[in-house]
Amino acid sequence: MHIERAHNGTGAWHQIHSALTGITRHALMATTDASLFVGAPAVAFVLHTADAGTGRYAAPLQALDGQIADLTQVRLDRAHARIDRRERPRVAEFDLLYGLTGLGTYLLLRNPTGRLLRDVLEYLVRLTEPLPGDPDRLPGWWTEHGPRGGISADFPGGHANLGMAHGISGPLALMARALRCGVSVGGQAEGVNGICAWLDTWRHDGPSGTGSWWPQWITREEVAAGRSHQQGPLRLSWCYGTPGLARAQQLAALAVGDIQRQDKAEHALAHCLSDRRQLARLTNTGLCHGWAGLFQTSWRAAHDARTSEIGAHLPYLTDHVVAHSRPVHERGCGFLDGDAGLDLALHTAARTTPPVSGWDACLLI
């Protein structure tokens, strides 16, 4: 938040430098538990936003990039070995917040032409395919665990997560973003289309003139039944809801030139923004599953949209983001759930240009 303010001339760089010095005074986690939101990669992303257009932190970024490359390689080796053993993944192996999608997102920012990013993309392509010899032909990202991690009696046989934060929409968005940046590997476009086709299977279309929505996850029971048991769309969140899923599919459509898919994704997002019942389910103001995330995702989608359908809702969303802008002690000052994320969305709402720091790149929107 302070970095974005400084880029816009309303913050002081010396204060930011003091804060960054404090963050990096102690050892940073650079083990295989580190990710885009944890440890060295998280700090490196923050430094990258400060470095944007300034070159202020080139030396520490270069040092961190080496550490991140090493841990990414180890995680890739483990992931490929797991597939070779025909074992199902943990969500944290591949997701955006803790997995290789998050690390790939960082690599796309820092070294888009590098071999390591291509290695991550090749892994994600492999993830889109069923495990070798799987008689059920479940998607390669199917996990035997429940959404909270670990074997769960509530999820016998595990589940497939559809969301942006912890599900397959994160890898979809990264592969699409890479394609749009001219970075591709064998099977990448096919992987994008394959994920989209799978999401089509579980898309729920409302009555004529209404929008589409997707469940948060799919269980083995639902696969056997051929339908989801979720009765309707839940809250309009970036992490699991229609906004995040629709944006990922819009990016995919833009990457492969599928106008029909783009129109469907954009209509789904526009419709949920006009549905007061869905909007009423938002009780949080943060980026992850609140008003700030809904606004930032919609703002990005509107600027890529073929029509003004999504953009027409931005003034209404802006009013609600502003209405929730008073700091509330209970939600804290953090990025994903707290006042910092809300303040960053307000910065976007107050301007007609993208964030100077590129802070929302970590959300893959």
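Residues numbered from 1 in each chain as written. Predicted model: local features only at pLDDT ≥ 70, side-chain atom pairs only at ≥ 80, totals over all residues. Heavy atoms only, no water.

Broken down by element type, the protein carries 16 helices and 4 strands. Expected size for 365 residues packed as a compact globule is a radius of gyration near 21 Å; at 20 Å, the protein falls within 12% of this value. In terms of principal-axis extent, the alpha carbons of the protein reach across some 60 × 45 × 40 Å. Sorting the 365 residues of the protein into buried and exposed places 53% on the buried side. (Helix = DSSP H or I, 4+ residues; strand = E, 2+ residues; numbered from the N terminus. Rg over C-alpha atoms; globule rule 2.2 N^0.38 Å. Buried < 20%, exposed > 50% of the residue type's maximum accessible area, 1.4 Å probe, protein only.)

To continue, consider the pattern of salt bridges. This structure, assessed with the given rule, holds 18 salt bridges. A salt bridge links Arg115 to Asp119, with the nearest nitrogen and oxygen atoms 2.9 Å apart. With Arg115 and Asp119 both in helix H7 (residues 115-127) and 4 residues apart, the pair spans about one turn of that helix. Across the pair Arg261 and Asp258 runs a salt bridge whose closest N-O atoms are separated by 3.8 Å. Given a relative accessible area of 25%, Asp258 falls into the partly exposed group. (Salt bridge = Lys/Arg side-chain N within 4 Å of Asp/Glu carboxyl O.)

What follows covers the nonpolar core. With 104 residues, the main nonpolar core has Tyr123, Leu199 and Trp238 as its most contacted residues. Top element by residues in this core is H7. It accounts for 8 residues. The contacts of Trp238, once residues within four sequence positions are left out, are Leu96, Leu97, Met164, Ala165, Gly244, Leu287, Cys288, Gly293, Thr297, Leu363 and Ile365. (Core = buried A, V, L, I, M, F, W, Y, C linked by side-chain atoms within 4.5 Å. Contact = heavy atoms within 4.5 Å.)

Sites flagged by UniProt as "binding site: Zn(2+)" (unreviewed entry) map to Cys239, Cys288 and His289. Judged by maximum C-alpha separation, these annotated positions cover 51 residues in sequence but sit close together in space, the widest gap being only 6.1 Å. Within the secondary structure, Cys239 sits in the loop between helix H10 (220-225) and helix H11 (242-256). Excluding residues that lie within four positions of it along the chain, Cys239 makes contacts with Gly163, Met164, Ala165, Cys288 and His289. When you line up the elements, Cys288 lands in the loop between helix H13 (276-279) and helix H14 (291-304). (UniProt positions renumbered as here; feature names shortened; annotations may be inferred.)

Put simply, H14 and helix H15 (residues 314-323) touch, their axes get as near as 10 Å, and they point 155° apart. As summarised for this structure, H14 and H15 are arranged roughly antiparallel, according to the angle between their axes. Classified by chirality, the crossing of H15 by H14 is left-handed. In this structure, H14 contributes Trp291, Leu294, Phe295, Ser298, Trp299 and Ala302 to the contact, and H15 contributes Leu314, Leu317, Thr318, His320 and Val321. Tallied by class, the residues present in the contact of H14 with H15 amount to 8 nonpolar, 3 polar and no charged. (Axes fitted to C-alpha atoms, helices over the stretch in contact; angles between N-to-C directions. Parallel < 35°, antiparallel > 145°, perpendicular 65-115°, else oblique. Left-handed = near helix turned anticlockwise from the far one by under 90°. Nonpolar A, V, L, I, M, F, W, Y, C, P; charged D, E, K, R; others polar.)

Turning to the environment of His324, a few remarks are in order. Structurally, His324 is set in the loop between H15 and helix H16 (339-349). When the C-alpha positions of His324 and Asn193 are compared, they lie 38 Å apart, and in sequence the two are 131 residues distant.

The tally for this structure, following the rule as stated, stands at 5 aromatic pairs. Aromatic side chains Trp198 and Trp202 sit 6.2 Å apart centroid to centroid with 55° between the ring planes, which places their arrangement in the tilted category. Judged by relative accessible area, which is 6%, Trp202 ranks as buried. For the ring pair Trp217 and Tyr240, a centre distance of 5.9 Å and an interplane angle of 90° mean the geometry is edge-to-face. (Phe/Tyr/Trp six-rings, centres within 6.5 Å; stacked < 30°, edge-to-face > 60°.)

With 12 residues, helix H3 (residues 40-51) extends 16 Å from end C-alpha to end C-alpha; this agrees with the ideal 16 Å at 1.5 Å per step. The element H3 is largely enclosed, with a buried count of 11 among its 12 residues. Regarding H3, the residues found buried are Ala40, Pro41, Ala42, Val43, Ala44, Phe45, Leu47, His48, Thr49, Ala50 and Asp51. Structurally, H3 contributes buried residues whose contacts are with helix H1 (2-7), helix H2 (13-23), helix H4 (58-84) and helix H6 (100-110). (Expected span 1.5 Å × (residues − 1).)

As a further point, take unusual backbone geometry. The phi dihedral of Arg137 is positive, around 55°, even though this residue is not glycine. Residue Arg137 is classed as exposed on the basis of its relative accessible area, which comes to 59%. Despite not being glycine, Leu364 shows a phi value in the positive range, around 60°. For Leu364, the location among the structural elements is in the segment after H16.

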